[in-house]
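The chain contents come next:
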Amino acid sequence: MPKIGNSAKAFAKLVIPAPIRWKMRQLQYWISVLSAVSAGGGTHECPICGFSGEFGAAGMPMRPGAICPRCRSGERQRLLHLAIERLNLLTDTRCLLHFAPENCLTKTITKYVPDYKTADLLPGRASMVLNIEKIDLPDRSFEAIIAMHVLEHVEDRAALNEIRRVLVPGGMFIVAVPIAEAWETTYENPAVVSKHDRTLHFGAEDHRRWYGRDFRDRLKKAGFTVEEYKGDGSEVVKYGLVRGDTIFICRAQKAA
Ligand SMILES: [Zn+2]
């Protein structure tokens, strides 16, 4: 089968000009979007805004039932909301820094945290412009930090050391990344640098790796203890989550 597929592709390359092949790929994409949307993602409940009904599709490849149409939350934001509420993560937190902030989580966080700050590398996206690899803040500035799907974009060892420095001793770091749990070790490849190759190897044009189970070791090496929160099978269906998605709840260990 792969041989037939490759031959067909090679034939198409020979007889169809590149601009037309590109248009055909776009058309193929939009057909897949329409089919995913029309298939629907089932009825879910949003734990963030209370919406109950049909959720929208998102992503490439499409994930039917991913987006709450009222608050625009995705699967991982709903999972983080559940973790915050069920584990009472923020009840004693007075100041929190949220990297690459997700607006749909603002109410969830500010319900508990009086001093809520947001940060992004690019201006205009958050209350502060900060580079997570070199955070321009004094030591021990925050009691909690959130970074959802940020570490796969950056030099993560530098970022983890900076996050630990900026947290108070015992402070909390809430984090999620794309993980292939079947892999023992994280896949990194210094030869992969172009946008095309990064998409092919790591799932997006600006991703630098695809984590394996050893993500936990990176957190521990940076001086954190690690706990995990996941939705169970029925919660995945009820709230429109991704099976096996994990929120890591890390605590900055006090220096020896
Ligand atoms: Zn919602």
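Small disclaimer: the values here were computed from a predicted structure and weren't measured. (Residues numbered from 1 in each chain as written. Predicted model: local features only at pLDDT ≥ 70, side-chain atom pairs only at ≥ 80, totals over all residues.)

(A) Spatial organisation of the overall build of the chain. Looking only at helices and strands, the chain features eight helices and eleven strands. For the chain, the residues scored as buried account for 32% of the 256 residues in total. Considering only residue pairs separated by 6 or more positions, the chain has 61% of its internal contacts joining residues 24 or more positions apart. (Helix = DSSP H or I, 4+ residues; strand = E, 2+ residues; numbered from the N terminus. Buried ≥ 20, exposed ≤ 12 C-beta atoms within 10 Å, placed from the backbone. Contact = placed C-beta atoms within 7 Å.)

(B) Region of interest: unusual backbone geometry. You will see that asparagine 88, though not glycine, has its phi angle at about 50°, which is positive. Mapped onto the elements, asparagine 88 comes out in the loop between α3 (75-86) and β5 (95-99). Taking the number of C-beta atoms within 10 Å as the measure of exposure, asparagine 88 has 10 and is therefore exposed. In this structure, alanine 100 takes a positive phi of about 45° despite not being glycine. Among the secondary structure elements, alanine 100 is positioned in the loop between β5 and α4 (106-110). Looking at alanine 100, the number of C-beta atoms within 10 Å reads 18, which means it is partly exposed.

(C) Spatial organisation of the sheet that holds strand β9 (residues 167-176). Reading across the sheet, the seven strands line up as β7-β6-β5-β8-β9-β11-β10 and stay open at both edges, with mixed pairing between neighbours. Strands with a single pairing partner mark the edges of an open sheet, and in this sheet they are β7 (128-129) and β10 (224-229). Packed onto the sheet, α3 meets β8 (142-148), β9, β10 and β11 (247-252) and runs at close to 50° relative to β11. Here helix α5 (residues 156-166) sits on the sheet in contact with β8, β9, β10 and β11, set at roughly 140° to β9. (Pairing = 2+ DSSP bridges. Axes fitted to C-alpha atoms, helices over the stretch in contact; angles between N-to-C directions.)

(D) Seen up close, α3. For α3, built from twelve residues, the straight-helix expectation of 16 Å at 1.5 Å per residue is met to within 8% by its first-to-last C-alpha distance of 16 Å. Taken from the residues just after α3, asparagine 88 is the one with a positive phi, measuring 50°. (Expected span 1.5 Å × (residues − 1).)

(E) Structural detail: the pairing of β5. Counted residue by residue, β5 has four buried out of five residues, so it is predominantly covered. Pairing of β5 with strand β6 (residues 115-120), which is carried by five bridges, proceeds in the parallel orientation. Paired with leucine 96 across the strands is tyrosine 116, a residue of β6. Here β5 runs beside β8; their pairing, made up of four bridges, is parallel. Bridge pairing links histidine 98 to isoleucine 146 in β8.

(F) Examining the nonpolar core more closely. Counting 55 residues, the largest nonpolar core has Leu80, Ile145, Ala147, Phe173, Ile174 and Val175 as the members making the most contacts within it. When we break this core down by domain, the ones giving at least three residues each are domain 1 (1-72) and domain 2 (74-252). (Core = buried A, V, L, I, M, F, W, Y, C linked by C-beta atoms within 7 Å. Domains from an automatic or database assignment.)

(G) Spotlight on the environment of methionine 148. With respect to the helices and strands, methionine 148 occurs in strand β8. Residues methionine 148 and arginine 76, 72 residues apart in the sequence, show an inter-C-alpha distance of 8.2 Å. The contacts of methionine 148, once residues within four sequence positions are left out, are Arg76, Leu80, Ala100, Glu102 and Ala176.

(H) Fine view of the environment of glycine 223. Relative to the helices and strands, glycine 223 resides in the loop between α7 (215-221) and β10. A residue is classified by how many C-beta atoms lie within 10 Å of it, and glycine 223, with 20 of them, is buried. In the structure, glycine 223 is positioned 63 residues away from leucine 160 in sequence and 8.8 Å away in space, judged by C-alpha atoms. Look past the residues within four positions of glycine 223 in its chain and what remains in contact with it is Arg164, Ala252 and Gln253.

(I) Region of interest: the pairing of strand β4 (residues 63-67). Counting buried positions along β4 gives four out of five residues, so the element sits mostly inside the fold. Relative to β4, strand β3 (residues 56-58) runs antiparallel, the two being bridged by two bridges. If you follow glycine 56 over to β4, its bridge partner there is isoleucine 67. Between β3 and β4, which follow one another and run antiparallel, lie four residues, and glycine 59 among them has a positive phi close to 90°.

(J) Spatial organisation of the environment of threonine 186. Of note, threonine 186 is situated in the loop between β9 and α6 (195-202). Along the sequence, threonine 186 and phenylalanine 215 sit 29 residues apart, while their C-alpha atoms lie 7.1 Å from each other.

None of this, on its own, says anything about what the molecule does.
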